[in-house]
Amino acid sequence: MKGKTRHYFAGGNTARGFYSLYETNLENLEKLFILKGGPGTGKSTLMKKLGLIWEERGVDVEYLHCASDAQSIDGIIFPTLKAGIVDGTPPHVIEPKAPGAVEEYVNLGTAWNSSQLSDKKGDIVQLTEDIEMAYEQAYKLFAEALSVHDEWEEIYINNLDFTKLNRLTEKLMTLFFGEMVLNKTSDVRHRFLGAATPTGAVDYVPNLTNDIPKRFFLKGRPGSGKSTMLKKLAAEATKRGFDVEIYHCGFDPFSLDMVIVRELGLAIFDSTAPHEYFPSREGDEIVDIYKTAILPATDDIYAKEIKEISERYRAKMTSATNYLSQAKELHDKLEEIYIAAMDFEQINEIQKTLEDKMNQIALQHQ
């Protein structure tokens, strides 16, 4: 039987710049291979190949997707083997805690033709600078969009009945946890629900929740307290000793979008755009904060203001996404230069060496 796969983002292009949540996902690993090498050196392809090999062997695999290209992989983790492989090049630089003992560098740069790259030095430098500028513009626009979003939230915060919201949160806490307390320390993982990518918002909610018996779909508006509710539920689960997966907002990492407690078989997530889903199977349930805790007719009373704010917000987000797309196009050109200078036979040999090392790790865990 094939191993289970989980897909998520551990880094994101956010309103607060590039934001990394790698640490909690890597901290319990006994072996971590950190790949070094420029764009186009085959890091993502190598990890995908190794992931598939171990999937076929019945080993569970977690795929950490790249926010700048969701089809690309920034890392793979084998939880049962306590091992992982990650791209250790900027912007997701991994700081080793026990170099050699836990972390091991793998340099794919040994397989490139340095003299060929030297001939393209001017192009490489210019493309790299242009890519950095495109990201700076994207982050600037995301930050401006967040300020506009704050205006949107203010309307609903001013019309939110906090007593009713707190009562709903307490009701969910009782439903989820009852009197249960586990005599252990929680394993808490921080990830992103989705990411702002060059093609727009991308998420893996269906994959992450496909084996969760009970899913709660949070419906509401900006500023209606969804993130605050999720933070309280995550804190309560942690306090009671449950392992918790905490999924941050890919736009504002200080905000939460989903909490999963697999030991209880439940997930609760912000199910509004751009990650809007609806119940599709038994065990799915909507939790509508707008109906429960927002003053009636708020949407209608502030329709004009909401329309104007939402249009400004979407314009900022579209412009920011266009800069991410521009960065991706430039990055593709940079990759072409490196691909032309690579000896992929050597990359295949590096992959085989990693396979052998992973086989040794698997033997130790049998």
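Keep in mind the model is a prediction, meaning the values are calculated, not measured. (Residues numbered from 1 in each chain as written. Predicted model: local features only at pLDDT ≥ 70, side-chain atom pairs only at ≥ 80, totals over all residues. Heavy atoms only, no water.)

**Student:** Just checking my understanding: could you explain the pattern of salt bridges for this structure?
**Tutor:** Side-chain pairs of opposite charge can arise where the charged atoms are in close proximity. For the coordinates displayed, the defined rule picks out 28 salt bridges. Among the ionic pairs, Arg16 bridges to Asp252, the shortest N-O distance being 2.8 Å. Here Asp252 lies in the loop between β13 (244–248) and β14 (256–261) and Arg16 lies in the loop between β2 (11–14) and β3 (17–20), a separation of 236 residues in the sequence. Here Glu245 makes a salt bridge to Arg191, at a shortest N to O gap of 3.4 Å. Of this pair, Glu245 sits in strand β13 while Arg191 sits in strand β9 (residues 188–192), placing them 54 residues apart in sequence. Residue classification places Arg191 among the buried positions, given a relative accessible area of 2%. Salt bridges sharing common partners tie together Lys4, Arg6, Glu62, Arg191, Asp211, Glu245 and Arg262. (Salt bridge = Lys/Arg side-chain N within 4 Å of Asp/Glu carboxyl O. Helix = DSSP H or I, 4+ residues; strand = E, 2+ residues; numbered from the N terminus. Buried < 20%, exposed > 50% of the residue type's maximum accessible area, 1.4 Å probe, protein only.)

**Student:** Even after reading the chapter, I still don't get helix α11 (residues 344–364), so can you show me in this structure?
**Tutor:** Residues lying three or four places apart along an α-helix face the same way, a consequence of the helix completing one turn every 3.6 residues. For α11, spanning 21 residues, the distance from its first C-alpha to its last is 30 Å, which sits close to the expected 30 Å at 1.5 Å a residue. Restricting attention to buried positions, one finds in α11 the residues Ile347, Ile350, Gln351, Leu354, Met358, Ile361 and Ala362. On an axial view of α11, the arc spanned by its buried residues comes to 120°, and they lie on one face. What points out from α11, more than 90 degrees from its buried face, is the exposed set Glu345 and Leu363. Those residues of α11 that are buried lie in contact with β4 (31–36), α2 (43–56), β6 (69–78), β7 (83–87) and β8 (103–107). (Expected span 1.5 Å × (residues − 1). Arc of directions from axis to C-beta. Contact = heavy atoms within 4.5 Å.)

**Student:** Hey, could you run me through the side chain of Thr169 in this one?
**Tutor:** Within the element layout of this structure, Thr169 appears in helix α5 (residues 162–177). A residue is classified by how much of its surface remains accessible, and Thr169, at 3% relative accessible area, is buried. Contact partners of Thr169, with chain neighbours within four places excluded, come to Met229, Lys232 and Leu233.

**Student:** Looking at this structure, I do not really get the pairing of β13. What am I missing?
**Tutor:** Of all the 5 residues making up β13, 5 are buried; the element is thus mostly covered by neighbouring parts of the structure. Alignment of β9 against β13, held across 5 bridges, turns out to be parallel. Of the residues in β13, the one forming a bridge with Phe192 is His248. In this structure, β13 lies alongside β14, joined through 4 bridges in antiparallel fashion. (Pairing = 2+ DSSP bridges.)

**Student:** It is not clear to me how the packing of aromatic side chains should be interpreted in this structure. Could you clarify?
**Tutor:** Within a pair of aromatic rings, the relevant descriptors are the distance that separates the centres and the angle that separates the planes. Counted according to the given criterion, the structure contains 14 aromatic pairs. Ring plane angle 70° and centroid distance 6.4 Å describe the contact between Phe142 and Phe251, whose orientation is recorded as edge-to-face. Residue Phe142 is found in helix α4 (residues 121–157), and its partner Phe251 is found in the loop between β13 and β14; the two are separated by 109 residues along the sequence. For the pair Phe142 and Phe251, a shared accessibility class is recorded, and that class is buried. A centroid spacing of 6.4 Å and a plane angle of 75° characterise the contact between Phe269 and Tyr277, whose relative ring orientation is edge-to-face. The class of Tyr277 is partly exposed, set by a relative accessible area of 25%. Site record: aromatic cluster; members linked through ring pairs are Phe142, Trp152, Phe251 and Tyr313. A cation over an aromatic ring shows up here: Arg57 above the ring of Trp54, its NZ or CZ 4.4 Å from the ring centre. Geometry around Tyr8 places Arg191 over its ring, the cationic atom sitting 4.0 Å from the centre. (Phe/Tyr/Trp six-rings, centres within 6.5 Å; stacked < 30°, edge-to-face > 60°. Lys NZ or Arg CZ within 6 Å of the ring centre and 35° of its normal.)

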